[in-house]
Amino acid sequence: MPPTPPSTQATFYQYTLIQKVVYNKLVLKFYLAIVPIVLLLETLLSGPLGLLYSAIALLFVLWIHFVVIRSVLLLAGEPIRKKWRFRRVLPWIGFLPDQYIGYRIFIRVHRHLAWLVLCVCLILYPWFPISFVTSSLIWHLWLIIPRQFLFTRFRKQPKHGLFKLTDSEMLYYKA
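This report concerns the structure included in the present document. If you're wondering where the values come from, they're calculated on a predicted model, not measured in any experiment. (Residues numbered from 1 in each chain as written. Predicted model: local features only at pLDDT ≥ 70, side-chain atom pairs only at ≥ 80, totals over all residues. Heavy atoms only, no water.)

Details of the environment of Thr166
Piece 1. Mapped onto the secondary structure, Thr166 falls in the loop between strand S5 (162–165) and strand S6 (169–174).
Piece 2. Between the C-alpha atoms of Thr166 and Tyr23, which are 143 residues apart in sequence, the distance is 9.9 Å.
Piece 3. Side-chain polar atoms of Thr166 contact the backbone oxygen of Glu169, separated by 2.9 Å. (Helix = DSSP H or I, 4+ residues; strand = E, 2+ residues; numbered from the N terminus. Polar contact = N/O pair within 3.5 Å; in protein donor to acceptor, adjacent residues only side chain to side chain.)

Below, the structure is given as structure tokens:
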């Protein structure tokens with residue numbers, strides 16, 4: 001029996017673009033301008049040690065975000081290696097999806113992320129300096145705001161869709 005041509009064996013995914021949100025440059029500049037303001041306030045309130053606490057708090061919050069996201073994905077049975085990576089492009093900083101991902105799993109992951117990291121930061125209050133705890137809370141909120149914005153922009157869309165984050169836009173697809 002002759003082999004079938006490769007075109008009949010290939011799998012084709014066809015997604016229909018439902019909504020596209022392009023990032024506003026002015027909003028990104030405002031979002032980035034929050035950082036020096038917070039660092040200045042931290043320095044005024046806690047002195048130079050406040051900057052050190054703020055830098056350590058940023059690394060701590062990024063690590064906690066990574067641990068929570070990875071844990072939720074492992075518990076949900078979602079693939080992590082090829083779909084998620086660490087991003088450093090505004091407004092998406094942290095461990096985020098790199099490919100198409102189901103909107104429902106993204107919501108699940110980030111609901112856990114928002115509440116668990118908030119609880120961890122508040123649990124640290126009795127044992128760590130107040131400057132470190134407030135810096136951790138501020139960094140957590142600063143990192144989570146773009147993700148919450150995503151939820152508000154796509155709240156009217158069906159929850160079984162897919163979305164993709166790029167450096168300049170968010171894309172929502174119907175599978």
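There's plenty left to go through after this.
Quick word on the packing of aromatic side chains
Piece 1. Evaluated as defined, the whole model comprises eleven aromatic pairs.
Piece 2. For the pair Tyr23 and Trp92, a centre-to-centre distance of 6.4 Å together with 55° between the ring planes defines the contact as tilted. Pair noted here: Tyr23 is in the loop between strand S1 (16–22) and helix H2 (25–46) and Trp92 is in strand S3 (residues 92–97), with a separation of 69 residues, a long-range link. The burial state of Tyr23 is the same as that of Trp92; both residues are buried.
Piece 3. Arranged with centres 4.6 Å apart and planes meeting at 75°, the rings of Phe106 and Phe163 form a pair that is edge-to-face. Separated by 57 residues along the polypeptide, Phe106 in helix H4 (residues 103–123) and Phe163 in strand S5 bring together distant segments of the chain. The same class applies to Phe106 and to Phe163, which are both buried.
Piece 4. An aromatic cluster of at least three residues, connected via ring pairs, comprises Tyr103, Phe106, Phe163 and Tyr172.
Piece 5. The ring centre of Tyr100 lies 5.1 Å from the NZ or CZ of Lys164, which sits over that ring. (Phe/Tyr/Trp six-rings, centres within 6.5 Å; stacked < 30°, edge-to-face > 60°. Buried < 20%, exposed > 50% of the residue type's maximum accessible area, 1.4 Å probe, protein only. Lys NZ or Arg CZ within 6 Å of the ring centre and 35° of its normal.)

Observations concerning the side chain of Glu169
Piece 1. With respect to the element layout, Glu169 can be found in strand S6.
Piece 2. By relative accessible area, Glu169 is classed as buried at 17%.
Piece 3. If we ignore the near neighbours within four places in the chain, the residues touching Glu169 are Lys20, Val21, Val22, Tyr23 and Lys164. (Contact = heavy atoms within 4.5 Å.)

Details of empty space enclosed by the protein
Piece 1. Under the criterion given, the structure shown has one cavity of 30 Å³ or more.
Piece 2. Empty space within the largest cavity amounts to approximately 40 Å³.
Piece 3. Lining the largest cavity are Ile34, Val35, Val38, Ile138, Trp139 and Trp142.
Piece 4. Residue assignment for the lining of the largest cavity shows that the elements contributing at least two residues are H2 and helix H5 (130–153).
Piece 5. Each residue belonging to the lining of the largest cavity can be placed in one class, and the counts come to six nonpolar, no polar and no charged. (1 Å grid on protein atoms, 1.4 Å probe; cavity = no way out; pocket = protein on both sides within 12 Å on 5 of 7 lines; lining within 4 Å. Points joined across faces, edges and corners; volume = space filled by probe spheres on them. Nonpolar A, V, L, I, M, F, W, Y, C, P; charged D, E, K, R; others polar.)

Some thoughts on the pairing of S3
Piece 1. With six of six residues buried, S3 lies mostly within the body of the structure.
Piece 2. The hairpin turn running from strand S2 (residues 84–89) into S3, its antiparallel successor, is two residues long. (Pairing = 2+ DSSP bridges.)

Re the layout of surface pockets
Piece 1. Approximately 280 Å³ is the volume found for the largest pocket.
Piece 2. Considering the residues around the largest pocket, the lining is formed by 15 residues, among which Val27, Leu28, Pro91, Pro146 and Phe149 are closest to the centre.
Piece 3. Listing elements by their share of the lining of the largest pocket, those giving two or more residues are S1, H2 and H5.
Piece 4. In terms of residue count, H2 provides more of the lining of the largest pocket than any other element does, five residues in total.

Thoughts on the pattern of salt bridges
Piece 1. Counted by the stated rule, this structure contains three salt bridges.
Piece 2. Residues Arg85 and Asp98 are paired through a salt bridge, measuring 2.8 Å at the closest nitrogen-oxygen approach. Of this pair, Arg85 sits in strand S2 while Asp98 sits in the loop between S3 and strand S4 (101–102), and the two are 13 residues apart along the sequence.
Piece 3. With a shortest N-O distance of 3.2 Å, Asp167 and Arg87 are connected by a salt bridge. Residue Asp167 is located in the loop between S5 and S6, and its partner Arg87 is located in strand S2; the two are separated by 80 residues in the primary sequence.
Piece 4. The exposure class of Arg87 is buried, given its relative accessible area of 2%. (Salt bridge = Lys/Arg side-chain N within 4 Å of Asp/Glu carboxyl O.)

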